[in-house]
Amino acid sequence: MQSATLSLSSPCSIPSLKPRKFGSTAVFNPIRISCSSSVPKRHDHSASSHTVSVNSLPNRSWHLSSSSPLPLRAWNFIPSDSRPDHFEVRATAAESADEGEKSGSLMKTLELGLLFGLWYLFNIYFNIYNKQVLKVYHYPVTVTVIQFAVGTVLVALMWTFNLYKRPKITGAQLAVILPLAVVHTLGNLFTNMSLGKVAVSFTHTIKAMEPFFSVVLSAMFLGELPTPWVVGSLLPIVGGVVLASVTEASFNWAGFWSAMASNLTNQSRNVLSKKVMVKKEDSMDNITLFSIITIMSFFLLAPVAIFLEGVKFTPAYLQSAGLNVKEVAVRSLLAALSFHAYQQVSYMILQRVSPVTHSVGNCVKRVVVIVSSVIFFKTPVSPINALGTGIALAGVFLYSRVKRIKPKAKAA
């Protein structure tokens, strides 16, 4: 029986072993390593002939022997056929993850597109139904109260059935929100007053000057000085509104100044929200804030409407005025529902996109409302009037783009 013995002494050197292949699979002959030293050897009779035992570490010489009749051979590794499958499974999992991310991103894009579509659609319906009511029912304060009343009922239902989490409001928070509710109330009231006096398209052309008021009020109360790019974008806005006003067929000063007052109050609300809602513990999401402001606006304006216009929405009064009670009531309700829906969707969009993107979307919305109202009401529009409106809206779009450009920091 052949035996191969290799003696190693410290420091030891291991000769290179050349691999030798047999067939198509790996062959490995177990070996036995024994260590001889001055310490007497201890044998474990329970172990098999193919075991490894180390009896002592000091003063040692190593004997490497093989009980196999064949010469000592190195283990010949042949890659298993399962390893490519392993990598293939991992690649498939990664591809599945990428497909999942793409699918999720696509769903978010479709959801955002749907929200923008609803925002524009509700806006169109609100302006059309609201204008139809105000043309025959000349009580804008009462119309505004009805819109806030319907919004209050919707908010109450939303909180009652847990469609949206009911907030816990403190007296201190209500005191902070009160100024916002006041300017919100005035902004919507002035808008309705303007819509009752002039064409929808002209009201929204004037409301394109909102960026002008935003820049002026931010500079006065927040100390935010505009960049030259922002100032430059305001020029076509102002010029376009002036050109459209001069050539507007339905122009009258009451409608013009009401729309201007709406711009002032709406942008005051934005500035106030930045100025007072600064504490994180007092902050709340936009939808909750809008819901609370809607309720407060109703209770603020209802007494004013009764005092200024009286109770003029009863069926008896509408019949005495020669109005179709059902038609006025249904259109008022649809206008109020559309009013609350488009503002709610607007805040939902604002939670998903940046303010700049929302501003661009608002500019597009104004274009859609103007065009749809001109088509629906067959408003006469001269080429110069259309040019002025287009210049103003282009200025609003330019403003929303250059608003992102930050001024260079001054060197110390």
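Residues numbered from 1 in each chain as written. Predicted model: local features only at pLDDT ≥ 70, side-chain atom pairs only at ≥ 80, totals over all residues. Heavy atoms only, no water.

Trainee: Is there a simple way to explain the overall build of the protein chain in this structure?
Mentor: Scanning the protein chain from N- to C-terminus turns up 12 helices and 3 strands. Looking at the 412 residues of the protein chain, the share that counts as buried comes to 36%. Sequence-distant contacts in the protein chain: of pairs separated by 6 or more residues, those separated by 24 or more amount to 86%. For the protein chain, the exposed surface amounts to about 24300 Å²; the carbon and sulfur share of it is 66%. (Helix = DSSP H or I, 4+ residues; strand = E, 2+ residues; numbered from the N terminus. Buried < 20%, exposed > 50% of the residue type's maximum accessible area, 1.4 Å probe, protein only. Contact = heavy atoms within 4.5 Å. Areas by Shrake-Rupley, 256 points an atom, 1.4 Å probe, with all protein chains shown as cover.)

Trainee: Quick question: what am I supposed to make of the side chain of Thr 152 here?
Mentor: Inspection of the secondary structure assignment puts Thr 152 in helix α2 (residues 140-160). A relative accessible area of 15% means that Thr 152 is categorised as buried. Only 2.8 Å separates the side chain of Thr 152 from the backbone oxygen of Phe 148, close enough to count as a polar contact. (Polar contact = N/O pair within 3.5 Å; in protein donor to acceptor, adjacent residues only side chain to side chain.)

Trainee: Even after reading the chapter, I still don't get the packing of aromatic side chains, so can you show me in this structure?
Mentor: Given two aromatic rings, one states the distance between the centres and the angle between the planes to describe the pair. Applying the stated criterion across every chain, the model contains 21 aromatic pairs. With a centroid separation of 5.7 Å and an interplanar angle of 85 degrees, the aromatic rings of Trp 253 and Phe 256 are classed as edge-to-face. Remark: Phe 256 and Trp 253 occur in helix α7 (residues 253-276); sequence separation between them is 3 residues, near one turn of the helix. Using a relative accessible area of 53% as the deciding quantity, one classes Trp 253 as exposed. For Phe 256, a relative accessible area of 10% gives the class buried. (Phe/Tyr/Trp six-rings, centres within 6.5 Å; stacked < 30°, edge-to-face > 60°.)

Trainee: Explanation requested: the pattern of salt bridges in the structure shown.
Mentor: Proximity of charged atoms lets side chains of opposite charge pair with each other. One pass over the structure, following the stated rule, counts 4 salt bridges. Put simply, Glu 111 and Arg 352 hold a salt bridge, and the shortest N to O gap is 3.1 Å. Residue Glu 111 is found in helix α1 (residues 82-136), and its partner Arg 352 is found in the loop between α10 (325-350) and α11 (355-377); the two are separated by 241 residues along the sequence. Residue classification places Arg 352 among the partly exposed residues on the basis of a relative accessible area of 42%. In this structure, the salt-bridge partner of Glu 327 is Arg 331, at a minimum N-O distance of 3.6 Å. With a gap of 4 residues between them, Glu 327 and Arg 331 both fall in helix α10, about one helical turn apart. Glu 327 sits in the partly exposed class, given a relative accessible area of 38%. It is possible to trace a salt-bridge network through shared partners that takes in Lys 207, Glu 210 and Arg 366. (Salt bridge = Lys/Arg side-chain N within 4 Å of Asp/Glu carboxyl O.)

Trainee: Help me understand unusual backbone geometry in this model?
Mentor: The backbone of Asn 162 sits at a positive phi, close to 55 degrees, despite the residue not being glycine. Relative to the helices and strands, Asn 162 is located in the loop between α2 and α3 (171-197). Of note in this structure, Lys 378 is not a glycine but carries a positive phi near 55 degrees. Looking at where Lys 378 falls in the secondary structure, it is placed in the loop between α11 and α12 (383-402).

Trainee: Sorry, what's going on with the packing of α2 against α10 here?
Mentor: Orientation of α2 relative to α10, taken along the N-to-C sense of each, is 60 degrees, at an axis distance of 8 Å. Relative to α10, the element α2 lies oblique. Relative to α10, α2 is oriented so that their crossing is right-handed. On α10, the residues touching Ile 146, Gln 147, Phe 148, Val 150, Gly 151, Leu 154, Val 155 and Met 158 of α2 are Leu 333, Ala 336, Leu 337, Phe 339, His 340 and Gln 344. (Axes fitted to C-alpha atoms, helices over the stretch in contact; angles between N-to-C directions. Parallel < 35°, antiparallel > 145°, perpendicular 65-115°, else oblique. Left-handed = near helix turned anticlockwise from the far one by under 90°.)

Trainee: How should the confidence of the model for the protein chain be read in this particular structure?
Mentor: Segments scoring low in pLDDT should not have their predicted coordinates read at a detailed level. Scored by pLDDT, the protein chain has a mean of 79; 72% of the residues are at 70 or more. Looking across the protein chain, the model is least confident in strand β1 (residues 6-8), with a mean pLDDT of 42, and most confident in α2, with 96. Contacts for the low-pLDDT stretch residues 1-78, under 50 throughout, to residues beyond four places or in other chains number 73 contacts. (pLDDT = per-residue confidence, 0-100.)

Trainee: What is the right way to read the nonpolar core from this model?
Mentor: One broad rule of soluble globular proteins: the nonpolar side chains tend to lie buried together. Formed by 21 residues in total, the largest nonpolar core has its most connected members in Ile 206, Met 209, Ile 237, Met 260 and Tyr 399. At the level of elements, α4 (200-206), α5 (210-222), α6 (228-246), α7, α11 and α12 are the ones that each hand at least two residues to this core. Counting residues per element, this core draws most heavily on α12, at 5 residues. Those residues within four positions of Tyr 399 in sequence are excluded, and the remaining contacts are Pro 211, Ser 214, Val 215, Val 230, Ser 233, Leu 234 and Ile 237. (Core = buried A, V, L, I, M, F, W, Y, C linked by side-chain atoms within 4.5 Å.)

Trainee: Explain α5 here, please?
Mentor: Because an α-helix completes one turn every 3.6 residues, residues spaced three or four positions apart along the sequence face the same direction. Under the 1.5 Å per step criterion, the end-to-end length of α5 is 17 Å for 13 residues, consistent within 8% with the ideal 18 Å. For α5, every residue scored as buried is listed here: Glu 210, Pro 211, Phe 213, Ser 214, Val 215, Leu 217 and Ser 218. Downstream of α5 by one or two residues, Gly 223 has phi in the positive range, about 70 degrees. (Expected span 1.5 Å × (residues − 1).)

Trainee: Mind showing me how you'd approach a nonpolar patch on the surface here?
Mentor: Taken together, the side chains of Val 153, Leu 157, Phe 161 and Leu 163 present a nonpolar region at the surface, about 440 Å² in accessible area. Along the polypeptide, Leu 157 turns up in helix α2. (Patch = residues over 30% accessible without salt bridge, like charges linked within 9 Å, V, L, I, M, F, W, Y side chains within 5 Å.)

Trainee: Please explain α10 as it appears in this structure.
Mentor: The end-to-end C-alpha distance of α10, which contains 26 residues, comes to 38 Å, matching closely the 38 Å that a straight helix rising 1.5 Å per residue would cover. The N-cap residue of α10 is Asn 324: its side-chain oxygen and the backbone nitrogen of Lys 326 are 3.2 Å apart.

Trainee: It is not clear to me how the packing of helix α8 (residues 286-309) against α10 should be interpreted in this structure. Could you clarify?
Mentor: For the pair α8 and α10, interaxial distance at closest approach is 9 Å and the crossing angle is 155 degrees. With respect to each other, α8 and α10 are oriented roughly antiparallel. Pair α8 / α10 crosses with right-handed handedness. Contacts between α8 and α10 involve Asn 286, Ile 287, Phe 290 and Thr 294 on the former and, on the latter, His 340, Gln 343, Gln 344, Tyr 347, Met 348 and Leu 350. Tallied by class, residues from the contact of α8 with α10 come to 5 nonpolar, 5 polar and no charged. (Nonpolar A, V, L, I, M, F, W, Y, C, P; charged D, E, K, R; others polar.)

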